[in-house]
Structure formats: C-alpha cells, structure tokens
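# Tertiary structure, described
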Protein chains: 2
Amino acid sequence: MKNPEIGVLVVGCGTVGSGTVAALLSQQEHIRSRSGVSLRLTGIVSRTFATAREHGFPEDLFRTDLSTALQDEHTHIVVETVGGMDTAEAIIRSAIAAGKHVVTANKALIAERGSSLFTAARDAGVTIAFEASCAGGIPIVRSIYDGLAANRIDALFGIVNGTSNYILSRMVQDGSSYEDALAEAQREGYAEADPTLDVNGTDSTHKIAILSRLAFGLAVHPDDIPTVGIDSLDSADIAHAARLGYVVKLLAVAMRHGTGVSLFVRPAFISREHPLAWVSGPFNAVSVYGNVSGHTMYYGRGAGGAPTGASIIADIVTIARGCYAPVFEHSCAWDSSDALQHVPAAGLEHRFYLRMLVDDTPGTLARITKILSDHGISIASVMQAESDEQQPPKPVQVVITLHRTVEETLSEPLAQIAALEAVKQAPRPITIIDEHPE
Amino acid sequence: MKNPEIGVLVVGCGTVGSGTVAALLSQQEHIRSRSGVSLRLTGIVSRTFATAREHGFPEDLFRTDLSTALQDEHTHIVVETVGGMDTAEAIIRSAIAAGKHVVTANKALIAERGSSLFTAARDAGVTIAFEASCAGGIPIVRSIYDGLAANRIDALFGIVNGTSNYILSRMVQDGSSYEDALAEAQREGYAEADPTLDVNGTDSTHKIAILSRLAFGLAVHPDDIPTVGIDSLDSADIAHAARLGYVVKLLAVAMRHGTGVSLFVRPAFISREHPLAWVSGPFNAVSVYGNVSGHTMYYGRGAGGAPTGASIIADIVTIARGCYAPVFEHSCAWDSSDALQHVPAAGLEHRFYLRMLVDDTPGTLARITKILSDHGISIASVMQAESDEQQPPKPVQVVITLHRTVEETLSEPLAQIAALEAVKQAPRPITIIDEHPE
C-alpha cells in the first residue's frame, strides 16, 4: 500500500482517540517530510463528540454512522480507540469486512481474541497493528519483531502498568502507605477512579500475553497467566526490599523454561543493579534478553493520549509504507513447529524473600529453618528483628531469603511453617528476579 | 524485494564480521520462522580468513576476490564490516555498482561520507542500512525513524561509547583513577590497546552525527561537532558529582535550539533521577524526546560482535521484507525545507559546575563571585573545602554550580577568574544536563 495519500478514520474519541486525532492534525506535514507518507484524517466517529468538541477538532470530520464512514473509499486505515470487548470487536470486524487496515490500542481485545481477529484480517488481506496496545509510547512491539529479528528471545520482563509503578514509586520514595499512594495517583491523574484492573495486575497480564505472542509465537489466554497485583503488598516488604538492595516492582514476566515458556505477573524484588529498578513514576520499561543481542531495554511513557496516539501513528505510517504485513503473517502466527508450549510458572526457579510474624519464643526460628532444610530449601539470609521488652512480648518480624528454588517446592514447607503455633502471620513469598544470564 | 531466499555476502571477518556470520549461520531457521524471511550466506570475503577459521566457518564460503563474489546473482545484500574509510568506501561503491543492497556498521564512513554514498545508492536503486553503526545491539536507528515516526524530535542524548562508559563506571563505583580504570577496561576487553578514538569522544561524535541526520534531517560533519573526551576528567569532579546528586557520563547530545540544532560530545553531570545515570559498564543508552511520545530511552550493549551482528541482521531482514527504502529516501534526505540548520552549541543554555583551586586568602571567594555576578551569571551553590592548618596553606578546592546560563557568556568571566593571582587552577566548567522538558 503505497498510495499518495493515506486516509485514516478514527473511531472513538476519548483519551487515546483524541490524542491520535490531535497528533494526526498537528504532525501531518512533519510526518510527510520525515517519512514520505501523506496522512489525511477522513473522519472521527464518536458517540457524543464531547471530547472532540473540547479539543476543537473540525466538526466537518464528525461522523455519527460507522457503516457509512467505512464506505468512504478514501479511508484506508481504521483506528479503533473505543476500548472494551464486544463493541470494539464489532468495529474491527466491520473495518476488516470493508477492506480497511486496522490499528488498535485495545490490549484486552488483542490478548483475548487476537488469534481469531488476525485470521479474519489475513483472510481479508488486511493488517491489524497494535503497537499502542503495549506500553503506550514505547515502540516495544516493533522492537521485538523488527529490531530483534535476529534473536531467539530467551526472556522478557517489564514494568508495563504506569498506575502500579506510580503507586510503588511513591511507596518506595516517600514511605507512603498503599492507600495514600493510590489516592495521590488518583489526584495526579495516574490512576482511574476504579483502579482495579491496573493494581490487581490484569492490565499487565494482557500486555505480557501480547508481547509473548510476538517474542515466542505463543498464544496464551490472559486467564491462564498467574497474576498477583500490588494491592496485596505491605509497606514492610518495601522497606525490607530497600534494606536488602532491591526495589519492589510489579513485573510482567515471560521466560523460556525447558521446551516451553512460563508467564506470570506479580510484585517482585529486582536488584538496584538492574536498570528496571530505576523506572519511576508513570514510566514503563521492558527488558528483553535475546540470544544474540543480549539485554536490551525500552523505556517511555506507558499511557496517556499523546504517547499512545504516537504509537498508533507509527503503525499507520508503517502500514502506509507497506511494511506491516510480515508482522501479522509471521510474528503473530509462527509456524506451529516453532511455537513453544505454555508451561506453568510454578516450575521456574527463582530466589525468594519470605516475611512472617512469629512469637519470640525459644526454638521458633530453629523450627522454621529446619522445615525449610528438611525440604531441601537453602537459606541465603535470615533477619529477626530484636524484640522489645514488653510483656507479653509482641510478635516479631522474621525475614528469610532463599537461594534459587523451584517455586512449587515451596508450597509444602510454607504450609508447615504457617501451621506452627508460634507463627502469627504466614510467610509471604516474594520472587526475587535476578539479572537474566546473557 | 521479496525473494524466496535472500543471499548475503559478508565482507570483512573481524569481530563484527564474524559475529554476523555466526548469527547468520545459527539463527537462519529461527529468522525464517519468526520473520518469514529465508537468508542464505553466499560468501565470506576476508584478507586472511584467520578469524573465520578460528570460528570454524565453512571453508567453501571463503571468497578471496570481492569483484568475483559481487557477480554472484544469488547475492542480494552485501555486509561491509571492514571498517576504516577508503577501503570500506570502495567496497560499498562496488557493491552498489553491482546492484546490491548494503548493510554496514561503519560509523565513521556513514558520518563523514554518508550523503555521497546515499546519493550513489539512490541512483542505483539500492539501500544502505546502518543500524549497526550506532550503539551496537540497540535498535536506535529504526526506533527514531519508525517507532517515533509521529514525533518532531526535540532532543536526543546518549551514552554511545561503551569503552568510556565502562571506564567512568569504574571511576564512579570503585573510586579508581582514570589510568587504573582504563587499564582494567583493556584487561576486560572493553578498551582497545589504543583507546584514543573512544576516550577522546571521536567515536561518540560519529554516532551523534548519524543519529542527528535521522532525527533532524541534518547532515553535520563530525569535525564540526565540539568534542571533549573523558581523558580530560579528574576524579575530583567525579567525587563532587556524587556529592551533588549527579553521575558523570560521556554524553553525545543533539538539541533543537531556536531554528536549528546544536550538537556536542562531552563529559557531563546528569541527575541520578535520569535513567541514563544508571547505565553502567559497557552498556549504551539513548534518550529521545519527541513532541508527542515524550521521553523514550533505548538501552543495550553498545559494542561486540554478537550485538552488532544482530543489528546487521535486523537490517538484512528489513531489506528482505522490502521495508528499508523509505528510510533511505526520506529519513536520510528530508525535504530541504524541513532540514534544520546546525547552530553552535555555545548558544545553548545549561546549568554548569565549576571547580577551581584557589589560595585560601581573604577575599578570594568574594572576588570570584563578584566576577560572575558582574557578568549576570547566577550562582546556585558554592562549596569551599575547609583549609588545613599547614603553613604555607595549600590551595583549596572551590566548587560552584550555576543556574542556567548561555554557555558562551561564561568564557569572559572564567578568563577573568583564571587571571586572579589567588587562582592556582583555572575553573573547569562541566555541563549539567537537566531532564529535558517533555
């Protein structure tokens, strides 16, 4: 598709849609000069046009009827920014049926129903591009399929949710409680009124599902990815992490393991030596380990209308140049012989941090460490806070770090420890993510 | 160019050439599966084949005569890894004349003679791709032209020389002297026997010249870029940086300024809040500020055969997909109306750090600060070390940081300060790079 002028219809005009429209209008001449691609906004479809009017977008571009708008032969690419599942899917399917290429920021839809949409697009000879679905303004999708084309990807971990990272950064830097940090994120516009899908990890799960498809040719349904959010974190863990030389981050992880790939999302300790540890506030970053390039990392704003709109426009330009088809045909639908299996994350080996509250009675620590050693689990460090002189004595915190251990071998000893009479709060394991070997 | 099988001839078989050949041989099947591109190594041209034999590359691929090798109709792409200027240029021109696309890692050649080579390639209908010329394994070239296609780039700063960064990291982390850190870098294979071009900034200058061409459509000869290397640094500056909350990095910088762009390479203070401050050892990273995406950063191994070879292969795959031409036609040769002028870096406004040695005599500090204020230069902080009780007293260090000041306004007051009788070592200004406004 190397038309002299590429027509773009933007469907949905909320944060991402208006960011896209604003950038399309303001950057048109610059894009033509840099990329040799002439883009023209052929219409904006919205239910109310409230945001479109706020931004002062030209009213002659307002289209109330999608079907009519899709018939415009000057429209080559349809941008879906409505979000959600069924309506967005219907819009994309109509666009495909009308022979239009599709660009979307819809991570939930691509993660859950990508395979079927890709098939429909391929049958119609059009593309679905989705750079904007992962990590906002970071060109991570194209870096994986294009920049790292020479590599077998061995691991990929990322901070891919800006809301969670903002909250964690506040907890780490200011010692705020989770509740106070969340309230601040909401005041600053980094968390929505209902932040559930961000803080419980669901949003990160969608993104790691999409990135794994690109990196490993692996289609995993987000529901099958074990997910823990930051809403379960205690500020004590954040303080212990700092003391031990780590930073707590909500990580979305995909790692090769045996003949497969394991995926998970959880708050984890990452060493201050790792560049992901320094990704603060609303920023996102993804570390990718390729067997030839080694470690590369991609950093930027993970959300917001302008950065996400910029990723949408990058996809539009790539389609306009005729360069997106290979992604769709290959990176998203690898030869099945090469696609890896999804294997349970519980089989992965990590170091772990455990924190528990115990009565400061003689022999308790000995019993805990014996249970671990009886299960062949090797302790790296133990810290028991000094008890005060109060009567009766208050329970004390015990923090243990473990050498590399297969995760599933922890459940039995941790259950035994939790059952000890002296243990007042069961051990909470947190994964320690080491620098991946290059 | 969407041939079923793309033939690749690798010319030169040193570190980068052998890294490329090794990856081409080992990753062939993986690349086909991921990208749908079948690559075939059609030959290796080398003077001695010493490295090629060390790696055990198949001897039936060894070609001693370039002209004959270029006649092979199964070769579509020629990879130039010879380095240097004239021989490399001759190889590239022969390849172009034979109708082959060219992929090169040769930063000096692209920076100094890129325009003329690009014209030759365009006239012949082929491409010159050069991802590997900047920052080794980091896909920075394609991120600027493709991933950030929607953006007007406002600034770009990077750590683009791994040798210098390794040395500085040792100086910062271990308090090593420059000489000891350099010796260690040489032992570890991160510095060559003659490290001049790395530590004096020349290598970084080549890279910022190339990146500026992509980001701003601006062709600046490396000789016109003001360049200071790390060989001028004193470990006292590194210690003061740490005390003030900064890290010293050798930065290659390009910034829009008025109607133009200014470029420079120099050791600079960068805040510990900036992610570039955490780029350690042999790693490189480039921060790019786009007017839509905001700040994005790209991190990875800046040198070495495998990472650089991976970038070469990424270019080969992109050419094989038929997607490289636009880069060459547009991003490297913007419409002249859009190309910006190169304006002197001395016109840029920065904060500055000054260190000098002065006799601890009454009134010296007052005289220094008066000279600055007489020139309208505003002081942010002053630190004078306590003098010891020795007789005669030894000169003491005075460290001054300045508020934002246009660089060229500093020369006159600094000359006056240097001329004061009490000043034993003239003030050495170091630029403080602030987070660029997004």
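Think of each chain on its own: its residues are numbered from 1, step by step along the sequence as written. Both sets of labels track the order of writing: A upward for chains, 1 upward for ligands. Side-chain atom pairs in this predicted model are given and counted only at pLDDT of 80 or more, local residue features only at pLDDT of at least 70, and totals for whole chains, interfaces and linings cover all residues. The basis for every side-chain value is the complete set of heavy atoms in the structure, and neither hydrogens nor water enter the calculation.

In terms of helices and strands, chain A carries 15 helices and 16 strands. The globule rule puts the C-alpha radius of gyration for 438 residues at 22 Å, and the 24 Å found for chain A is close to it. A 1.4 Å probe rolled over the protein chains alone gives each residue an accessible area, and that area as a share of the maximum for its type sets the label: buried under 20%, exposed over 50%, partly exposed in between. Expressed as a percentage of its 438 residues, the buried residues of chain A come to 59%. Across chain A, contacts joining residues at least 24 apart in sequence account for 75% of those joining residues at least 6 apart. Per element, the accessible surface of chain A, about 15900 Å² overall, is 49% carbon and sulfur. Charge counting follows a simple rule: Lys and Arg are positive, Asp and Glu are negative, and His as well as the terminal groups are ignored. By convention, the charge on Lys lies at NZ, on Arg at CZ, on Asp at CG and on Glu at CD. Taken together, the 33 basic and 49 acidic charged side chains of chain A have centroids lying 4 Å from each other. We count a stretch as a helix when DSSP gives it H or I for four or more residues in a row; a strand needs E for two or more, and each element gets its number in order from the N terminus. To get the radius of gyration, use the C-alpha atoms; to get the globule rule, take the number of residues to the power 0.38 and multiply by 2.2 Å. Residues are treated as being in contact if the distance between any of their heavy atoms lies within 4.5 Å. Method for areas: the Shrake-Rupley scheme with a 1.4 Å probe, in which residue coverage is limited to the protein chains shown.

Okay, the interface of chain B and chain A next. Contact residues are listed per partner, giving 56 residues for chain B and 56 residues for chain A. Between chain B and chain A, a total of about 5000 Å² is buried, with carbon and sulfur atoms accounting for 50% of that surface. What makes a salt bridge here is a side-chain nitrogen of Lys or Arg within 4 Å of a carboxyl oxygen of Asp or Glu, nothing more. Between the two partners, chain B and chain A, sit 6 salt bridges. Put simply, Arg142 of chain A and Asp146 of chain B hold a salt bridge, and the shortest N to O gap is 3.1 Å. We define buried area as the total accessible area lost by two parts upon association, computed with a 1.4 Å probe and summed across both.

Now for the environment of Val265 of chain B. Among the secondary structure elements, Val265 of chain B is positioned in strand β9 (residues 260–271). On a C-alpha basis, the gap between Val265 of chain B and Gly304 of chain B in space is 22 Å, while along the polypeptide they are 39 residues apart.

Residue and element names in this part refer to chain B. Convention adopted: a line fitted to C-alpha atoms gives each axis, helices being fitted over their contacting stretch, and angles between N-to-C directions are expressed from 0 to 180 degrees. Across the interface, helix α4 (residues 86–97) lies against helix α5 (residues 107–124) with an axial gap of 10 Å and an inter-helix angle of 15°. Here α4 lies roughly parallel to α5, going by the angle between them. Between α4 and α5 lies a crossing of right-handed hand. Of the residues in α5, those in contact with Asp86, Ala88, Glu89, Ile92, Arg93 and Ile96 of α4 are Leu109, Arg113, Ser116, Leu117, Ala120, Ala121 and Ala124. Within the contact of α4 with α5, the residues separate by chemical class into 8 nonpolar, 1 polar and 4 charged. Angles below 35 degrees are treated as roughly parallel, those above 145 as roughly antiparallel, those between 65 and 115 as roughly perpendicular, and all remaining angles as oblique. Helix crossings get a hand from a simple test, with the near helix turned counterclockwise from the far one by less than a right angle marking a left-handed crossing and a clockwise turn marking a right-handed one. Gly counts as polar in this scheme, as do all residues outside two lists: the nonpolar Ala, Val, Leu, Ile, Met, Phe, Trp, Tyr, Cys and Pro, and the charged Asp, Glu, Lys and Arg.

Here the copies are matched by least squares. The fit uses the C-alpha atoms of residues with pLDDT of at least 70 in both. For the match of chain B to chain A, the screw axis carries a shift of 0.0 Å, the RMSD comes to 0.0 Å, and the turn is 180°. Expressed as a symmetry operation, the mapping of one chain copy onto the other fits a two-fold axis. Of the C-alpha atoms belonging to chain B, the one lying closest to the rotation axis is found on Tyr298 of chain B, 2.5 Å away.

Residue and element names in this part refer to chain A. Pairing is parallel across the open sheet formed by 6 strands, whose spatial order is β3-β2-β1-β4-β5-β6. Of all strands in the sheet, those with a lone pairing partner are β3 (62–63) and β6 (128–129), marking the two edges. We call two strands paired when DSSP finds no fewer than two bridges between them. Pairing of strand β1 (residues 6–11) with strand β4 (residues 77–80) involves 4 bridges; the strand directions are parallel. Bridge pairing in β4 places Val11 opposite Glu80.

Moving on, we come to the sheet that holds strand β2 (residues 39–45) of chain B. Residues and elements named next belong to chain B. If you walk across this open sheet you meet the 6 strands as β3-β2-β1-β4-β5-β6, and the pairing is parallel. Where the open sheet ends on each side, the last strands, each with one partner, are β3 (62–63) and β6 (128–129). On the sheet, helix α12 (residues 305–320) packs against β1 (6–11), β2, β4 (77–80), β5 (101–104) and β6 and is oriented at approximately 160° with respect to β5.

A word on unusual backbone geometry. Of note in this structure, Ala135 of chain A is not a glycine but carries a positive phi near 60°. With respect to the helices and strands, the residue Ala135 of chain A is situated in the loop between β6 and α6 (140–147). Given a relative accessible area of 1%, Ala135 of chain A falls into the buried group. One non-glycine residue with positive phi stands out, namely Phe49 of chain B, at about 60°. Tracing the chain through its elements places Phe49 of chain B in the loop between β2 and α2 (50–54).

What counts as a ring pair is set by centres within 6.5 Å for rings of Phe, Tyr and Trp (its six-membered ring), and what kind of pair is set by the plane angle: stacked under 30 degrees, edge-to-face over 60, tilted for all other angles. Considering all chains together, one arrives at 16 aromatic pairs over all chains under this definition. Between the aromatic rings of Phe49 of chain A and Phe62 of chain A, the centroid separation amounts to 4.4 Å while the plane-to-plane angle is 5°, which identifies the pairing as stacked. In this pair, Phe49 of chain A is assigned in the loop between β2 (39–45) and α2 (50–54) and Phe62 of chain A in strand β3, connecting sequence segments 13 residues apart. Each member of the pair, Phe49 of chain A as well as Phe62 of chain A, carries the same accessibility label: buried. Taken together, a centroid distance of 4.8 Å and an interplanar angle of 5° make the contact between Phe283 of chain A and Tyr299 of chain A stacked. Taken together, the residues span a long stretch of sequence, with Phe283 of chain A in strand β10 (residues 283–290) and Tyr299 of chain A in strand β11 (residues 294–301) at a distance of 16 residues. We note that Phe283 of chain A, like Tyr299 of chain A, is buried. Ring-pair connections join several aromatic residues into one group, and the members of that group are Tyr246, Phe269 and Tyr353 of chain A. Working rule: Lys NZ or Arg CZ, within 6 Å of ring centre, within 35 degrees of ring normal, means a charge sits over the ring. The ring of Tyr166 of chain B has Arg170 of chain B lying over it, and the distance from NZ or CZ to the ring centre is 5.5 Å. The positively charged end of Arg266 of chain B is found above the aromatic ring belonging to Phe264 of chain B, 4.0 Å away from the centroid.

Attention shifts here to helix α8 (residues 178–187) of chain A. Residues and elements named next belong to chain A. Turning to α8, its buried residues are Tyr178, Ala181, Leu182, Glu184 and Ala185. The arc that holds every buried residue of α8, seen down its axis, measures 160°, which confines them to one face. For α8, the exposed residues set more than 90 degrees away from the buried face come down to Glu179, Asp180 and Arg187. Along its buried surface, α8 packs onto α7 (162–174) and α9 (196–199). Within two residues after α8, Gly189 carries a phi angle of roughly 80°, on the positive side. In this context, the arc is that of the directions from the helix axis out to the C-beta atoms.

Only buried residues count toward a nonpolar core, which is a set of Ala, Val, Leu, Ile, Met, Phe, Trp, Tyr and Cys residues joined through side-chain atoms within 4.5 Å. Formed by 217 residues in total, the largest nonpolar core has its most connected members in Ile140 of chain A together with Ile140 of chain B. Beyond its immediate stretch of four places on either side in the chain, Ile140 of chain B contacts Glu131, Cys134, Ala135, Leu211, Val286, Val288 and Tyr298 of chain B. Ile270 and Leu348 of chain A together with Ala345 and Leu348 of chain B belong to the second largest nonpolar core, which has 42 residues in total.

Quick look at the pairing of strand β8 (residues 246–257) of chain A now. Residues and elements named next belong to chain A. Across the 12 residues that make up β8, a large majority, 10, are buried. Sheet analysis places β8 next to strand β9 (residues 260–271), joined by 12 bridges and oriented antiparallel. In the strand pairing of β9, Met255 is matched with Ser262.

Turning next to the state of the cysteines. We call a pair of cysteine sulfur atoms a disulfide when they lie within 2.5 Å. Counting across every chain of the model gives 1 disulfide over all chains. Residue Cys323 of chain A pairs covalently with Cys323 of chain B via a disulfide, S to S 2.4 Å. Here the disulfide of Cys323 of chain A and Cys323 of chain B is left-handed, its torsion about the S-S bond being about -120°. Remark: Cys323 of chain B occurs in the loop between α12 and α13 (325–331) and Cys323 of chain A occurs in the loop between α12 (305–320) and α13 (325–331); the pair is interchain, linking two chains.

Remember that the coordinates give geometry; whether it matters functionally is a separate question.
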